[in-house]
Amino acid sequence: MVILFQDEFSLSNTATLSATWSPKGQQPKVDCKQAKKERVTGIGSVNPITGQLIVNFEQTGNYKTFKKHLKKVINHYKDKRKIIMYVDNVRFHHAKKLKSFLEANPTLEIRYLPAYSPDLNPVERVWWFMRKSITHNRYLSSIKERIAKFWQLMSPTLKPNETLKILCAINY
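These figures come from a predicted structure and were not determined experimentally.

Peer 1: What should I look at first to understand the packing of aromatic side chains in this one?
Peer 2: Given two aromatic rings, their pairing is described by the distance between the two centres and the angle made by the two planes. This structure, assessed with the given rule, holds 8 aromatic pairs. Centre to centre, the rings of phenylalanine 5 and tyrosine 86 are 5.1 Å apart; their planes meet at 15 degrees, and the pair counts as stacked. A residue pair is termed long-range when its members are at least 10 positions apart, and phenylalanine 5 in strand β1 (residues 2-12) and tyrosine 86 in strand β4 (residues 83-87) qualify at 81 residues. By relative accessible area, which is 12% here, phenylalanine 5 ends up buried. Aromatic pair phenylalanine 57 and phenylalanine 150: ring centres 5.1 Å apart, planes at 85 degrees, arrangement edge-to-face. In this pair, phenylalanine 57 sits in strand β3 (residues 52-58) while phenylalanine 150 sits in helix α4 (residues 143-154), placing the two residues 93 residues apart along the sequence. Since its relative accessible area comes to 0%, phenylalanine 150 is described here as buried.

Peer 1: Can you walk me through the sheet that holds strand β2 (residues 39-47) in this structure?
Peer 2: Sheet strands pair by backbone hydrogen bonding; their relative direction is either parallel or antiparallel. The 5 strands are arranged β3-β2-β1-β4-β5 in an open sheet whose pairing can be described as mixed. The outermost strands of the open sheet, each flanked by one partner alone, are β3 and β5 (108-112). Taking each pair of neighbouring strands and ignoring which way they run, the sheet shows an average axis angle of 25 degrees. In this sheet, β4 lies alongside β1 in parallel orientation, the contact comprising 4 bridges. Counted as the bridge partner of leucine 4 is methionine 85 from β4. In the packing of helix α1 (residues 63-76) onto the sheet, contacts are made with β1, β2, β3, β4 and β5, and the angle to β3 comes to roughly 145 degrees. Packing against the sheet, helix α3 (residues 122-134) makes contact with β1, β2 and β3, and its axis sits at approximately 35 degrees to β1.

Peer 1: Teacher, can you tell me more about the pairing of β4 here?
Peer 2: A regular strand carries its side chains on alternate faces of the sheet. Burial analysis of β4 places 4 of its 5 residues in the buried class, the great majority of the element. Direction of pairing for β4 relative to β5: parallel, over a ladder of 5 bridges. Counterpart to valine 87 in the pairing with β5 is tyrosine 112. Since β4 and β5 lie parallel, the crossover through helix α2 (residues 96-104) that links them has a hand, and here it is right-handed.

Peer 1: Sorry if this is basic, but what is going on with the environment of phenylalanine 101 here?
Peer 2: Inspection of the secondary structure assignment puts phenylalanine 101 in helix α2. By relative accessible area, phenylalanine 101 is classed as buried at 8%. Expressed as a C-alpha distance, the spacing of phenylalanine 101 and lysine 71, which sit 30 residues apart in the sequence, is 9.6 Å.

Procedures and definitions
- Residues numbered from 1 in each chain as written.
- Predicted model: local features only at pLDDT ≥ 70, side-chain atom pairs only at ≥ 80, totals over all residues.
- Heavy atoms only, no water.
- Phe/Tyr/Trp six-rings, centres within 6.5 Å; stacked < 30°, edge-to-face > 60°.
- Helix = DSSP H or I, 4+ residues; strand = E, 2+ residues; numbered from the N terminus.
- Buried < 20%, exposed > 50% of the residue type's maximum accessible area, 1.4 Å probe, protein only.
- Pairing = 2+ DSSP bridges.
- Axes fitted to C-alpha atoms, helices over the stretch in contact; angles between N-to-C directions.
- Contact = heavy atoms within 4.5 Å.
- Right-handed = clockwise from strand over helix to strand, strands pointing away.

Here it is, written out as structure tokens:
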């Protein structure tokens, strides 16, 4: 059995401004030229026990792209008898069309987190780490560059790893 936590995130070529340290009296400057805004949706699932991440990028988040991600997860964990995936309550996670897909794939079980509770979803901390590392106060001219930075940072997490295990640990 494997337990996963899933969520979507968006990436764009724009810099996200964030608090930062600088010498007293020297305001930091972040280049934020914007000729054309580009955006993609990432769909990811993390195994908090191993720290392994499964991600794919789509033009938008909807029932079809979520189902595509579910197929990728099922294929990745084809040796497991049961995959339990916790998701939030975005509308397309409850799509009626999903019911027949889940019935045809009984190894996958979808469970819903309580509404408005991102603090209970460990993958949210993975997205926080990613944003701090590649989007906050960092300008890139294209979404292609941003996705390349994403994979540069996150490629080691496609295999079990300690970084995400630590990030996913709930410490209350």
